[in-house]
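In case you want the letters, here they are:
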Amino acid sequence: MRRILLLLVAGAAAFAQQPPHITADDYARAERFMAYNTNPLVLHSIRPVWVADKDLFWFRDQGADGVHFVLYDAGQRRGEPAFDQAKVAAALSAAAGRQFDAARLPFTEMEFTPDLSAVVVSLGPRRFRCERNGSRCEAESSGRAPEVMSPDRRQAAFIRDNNLWVRNVATGAETQLTKDGQTDYGYATDNAGWEHSDRPVLLWSPDSRRIATFQQDQRKVGDMYLVETAVGHPKLLAWKYPLPGDQNVSMIERVIISVADGQVVRIKEPPDQHRSTRCDHVVCRPDPNWSDVQWSPDATHLAYVSTSRDHKKEVLKIADAASGDTRQVLEEQVPTYYESGQAGTNWRYLAGSNEVIWFSERDNWGQLYLYDAASGRLKNQITSGEGNVTNILRVDDKARQIWFVAVGKQRGVDPYFSQVYRINFDGGGLKLLTPENATHDASIASSGKYLVDTFSTPQTPPVTVLREADGNSLQQVAAADISRLVAAGWKPPISFTVKARDGQTDLYGLLFRPTAFDAAKKYPIVNHIYPGPQTGSVGGRTFAAARGDAQALAELGFVVVELDGMGTPWRSKKFHDAYFGDLGDNTLPDQVTGMKQLAQKYAWIDLDRAGIYGHSGGGYATADAMFRYTDFFKVGISESGNHDNREYEDDWGEKWQGLLQKNGDGTTNYDNQANQNVARNLKGHLLLAHGTMDDNVPPYNTLLVVSALIKANKDFDLLLLPNRQHGYGPDTGYMTRRRWDYFVRYLLGAEPPHEYEMHQPANPVGPPS
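Not measured: the values here are computed from a predicted model.

Summarise the overall build of the chain; cite the residues concerned and give the values.
In terms of regular secondary structure, the chain is built from 12 helices and 46 strands. On C-alpha atoms alone, the chain measures out to a radius of gyration of 27 Å, which is about the 27 Å that the 2.2 N^0.38 rule sets for 769 residues. Judged by the C-alpha coordinates and their principal axes, the chain covers about 105 × 70 × 65 Å. Looking at the chain as a whole, 56% of its 769 residues qualify as buried. Of the contacts formed within the chain by residues at least 6 apart in sequence, a portion of 59% connects residues at least 24 apart. Of the roughly 31,900 Å² of accessible surface on the chain, 49% is carried by carbon and sulfur atoms. Between the mean site of the 83 positive side-chain charges and the mean site of the 94 negative ones, the chain shows a separation of 2 Å.

This is the structure we're talking about:
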C-alpha cells in the first residue's frame, strides 16, 4: 500500500511539472490583442487638428460604418462633413491611379486651403489637392523632391543638387536661390547621421519673403556603409555619419535667403554645432521645421540658440535679417546637459515687448523665466514649485499670459499625466484648465479663444471636449466607444508603483496579465524595457488598445511589465540625471528591484523565470541585463540595440555619456557602456536581432557583441533581417513570432507551434496615434 501511495505522489508531481501545451490556436488568440486587431474595435477616438487662422478644427472619426472626416466650427459648436467623401474618393482614385473606398479613406494628414474650398491630403510621399465638393483632385507634388510650403502657400522650397530652390505653386515655375552648394556642403541638408532625408530643413519668415536655413559642412565627416542583399553585385549605401570622439563632425553655417532675388545673408558668427536644445537632430518631431529658430513677426530679426557639442552650454542670439549682424542675449551652462523641454522647444522671442521666455531646470524642475531681450537681464521667474513645464501652447504678449502643458504639479495625480495651465508673465494667476484626473492632449486655436482637449488614461478611453481659453467646458465633441474591444476580451493594464534603487523614490509602470488570469498559477515575468534617457518603457499615459505586443505576449502565459526607471524624463532634473555618464546603467537596478517588489506583492509572479526584451535602446538594455544580471534574467531578446555608443551617432553619446575621453592606458570614459566588454558573463538564453540595412543604429553594434560572444565561446542565437532598417517593415510579424517562440520555449518551458504565421493586414486601420 505504501509503495502504491509513493507511486501516486510521484506521478502527481510529474504531472504538475508538465510544461504547458502551446498551440497555433493559442498564438491566434494572442494575436487578437495586437494593435492591428484591437485598434479597429475602438470607435470615435479622434485627434483634432486646427485649421490655420480659423476657429475650425477637423478630425477623422472611425465609426461602425467606416471613416468620417468632420469639420467642426468651435464658435457654432457643431460639425459638418469636411468634404464630400464619395465624390472625393472617386476623384482621388482617378488622380492617384488606385481605388479608394469612401468609407476607408486612408489619409490621416490633411490641410485646408485658406479659402476652405479645397483640402490637401497626403498619401505617403504624394500630396493631392481635392476640391471639397469632389469635382476634382490633382497631384500637388507627384514625383517631386520633398518640399516645404511657405506660409501663404504660394511657394514651396526644395533641394536640388545641394542648392535651395523654390517652386511657384500656381505656375510650377522653379527658381534657384543658392548657387554655391556642393556635395557634402549643401543648403538645408537633412542629415543627422541616424536620420537623413531629402526634405529641406528651414524656416520661412511669416511674410513668406525670406527663408532661414544653413549650409551644412560635412566634407570631412566620416562615412557609414551598408550593403544591400541581392543576387549579383551588391549595392553600397554610404552617407555621412559622425561618431562620438570624431575630430570632424557636421557643422552648420546659418544663412537668411531673400526669395525675391536670391540674396544670401550669412549670419556673422562662427559655424554652429549640428545640435538643438531638445533632441539629437536640428529637427525635433513632431514639429517639422528647423528647431531653435524663431522669426520676429515683421521678419526683420531672427532669434536662435547655439548649442555646444556636449549640450552643456546654450547661447540665445538675435540676428538682423538684412545684415547678418548678431548680438548675444543670454547664456546658460549646466554640469550635465541642457534641455528646453520634453514635448516642445520651450523658449520664445517676444519682439513686440523685447523680451524672452526661457526654459531652465536650474531649480531641479522645468520652469519658465522672463528675460529682457535688450540687456539679457532676468526679470522674474514665471513658473515655480514641483513639476515640469513640458510644452508652451500659446503666448499672448498683449495680455501677458502663457498657456502651457505640465506634469507633476497636482498632488494625488499620476506625475506622468499632462495637464494644461494658464499663468501670467509675472508668475501670478496660475490656473489649471483641464481638471480631469487623466492625461490631456490639448491644442489652442490661433485666435486664442478656444482649446480642444482630449483626455484619457491607460485604463479609460479618450473623451474630447471643447473649452474656452479659460478652461470652461463648452461641449463634448467625441467619446471613444470601446464596447467592441471589451466584448473581444480586452482588459486594461494594471498601473503600479514601486520604489527605486534608492528605496525612496516612487517609480511607475504598467503590468499586463493573461485575460484568462488564474491567481492560483505561477506566471513567468517578462520585462519590456526602454531605458531612455529621452523617454521610458511605458511611453505616453494615453489610452491604447494595444501597447506593442505586451498584452498579446501575456496571453501566452506570462506577466509582462513596463517600468520607467531613474534616468528617464518627465520627473525632476535629479531623477533624469540619475545615470548621466553611465549609459550602461540602463535603469536596470530599478527594473530588478521593481520586479522583486512586484513578486513580493503578487504570489502568482514566478521570479525564478524572469525574461526581458526591447528594441533599439531597449535592445541595448536587454543584452546589458543578460550580461550584468546573469542570475536574475534567464532569457533575453535584444533587437537592433546600440550596444556601444561609440558606434552610434555622435549627438546621442556625447549628450548622455559625455565627450569621448581617451586615457593614457588606452581606456576611455565609454568603456563602462559597451556591451561587448561584459558579453563573456552570459549565462542564459539570448537572441540578438538586427536589420542589415539599419541606417539609424548600424548593425555593426550587434556584430560587436556577436564577436565578443564567439571569443568567449558562448552559445547564443542570432537573427539578421536582410535589407530591413531600424523598423522591420514586412518582417515585423516574423520577428514578433520568433520573439514569442523564444520566450515560450526557454521561459515557459513549452514547445511553440511550428512556424506560426502572423496575419497583419497590409493597411491596418484604427484610431489615430
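If you had to explain the state of the cysteines to someone new, which residues and values would you point to?
Within this structure, the stated rule accounts for 2 disulfides. Here Cys-130 is linked by a disulfide to Cys-137, with a sulfur-sulfur distance of 2.1 Å. On the sign convention where negative is left-handed, the bridge of Cys-130 and Cys-137, at about 120 degrees about the S-S bond, is right-handed. On the accessibility criterion, Cys-137 (11% relative accessible area) is buried. Each bonded cysteine of the chain is numbered by sequence order, and under that numbering the disulfide pairs are 1-2, 3-4.

Describe the sheet that holds strand β12 (residues 174–176), naming the residues involved and giving the relevant values.
The strand order β9-β10-β11-β12 describes an open sheet built from 4 strands, whose pairing is antiparallel. The open sheet is flanked by β9 (148–149) and β12, the only strands paired with a single partner. Sheet topology places β9 next to strand β10 (residues 155–160); 2 bridges connect them, and they run antiparallel. Looking at β10, one finds that Met-149 is bridged to Ala-156.

Criteria and cut-off values
- Residues numbered from 1 in each chain as written.
- Predicted model: local features only at pLDDT ≥ 70, side-chain atom pairs only at ≥ 80, totals over all residues.
- Heavy atoms only, no water.
- Helix = DSSP H or I, 4+ residues; strand = E, 2+ residues; numbered from the N terminus.
- Rg over C-alpha atoms; globule rule 2.2 N^0.38 Å.
- Buried < 20%, exposed > 50% of the residue type's maximum accessible area, 1.4 Å probe, protein only.
- Contact = heavy atoms within 4.5 Å.
- Areas by Shrake-Rupley, 256 points an atom, 1.4 Å probe, with all protein chains shown as cover.
- Lys, Arg positive; Asp, Glu negative; His and termini not counted.
- Charge placed at Lys NZ, Arg CZ, Asp CG, Glu CD.
- Disulfide = S-S within 2.5 Å.
- Pairing = 2+ DSSP bridges.

Keep in mind these values describe shape, not function.
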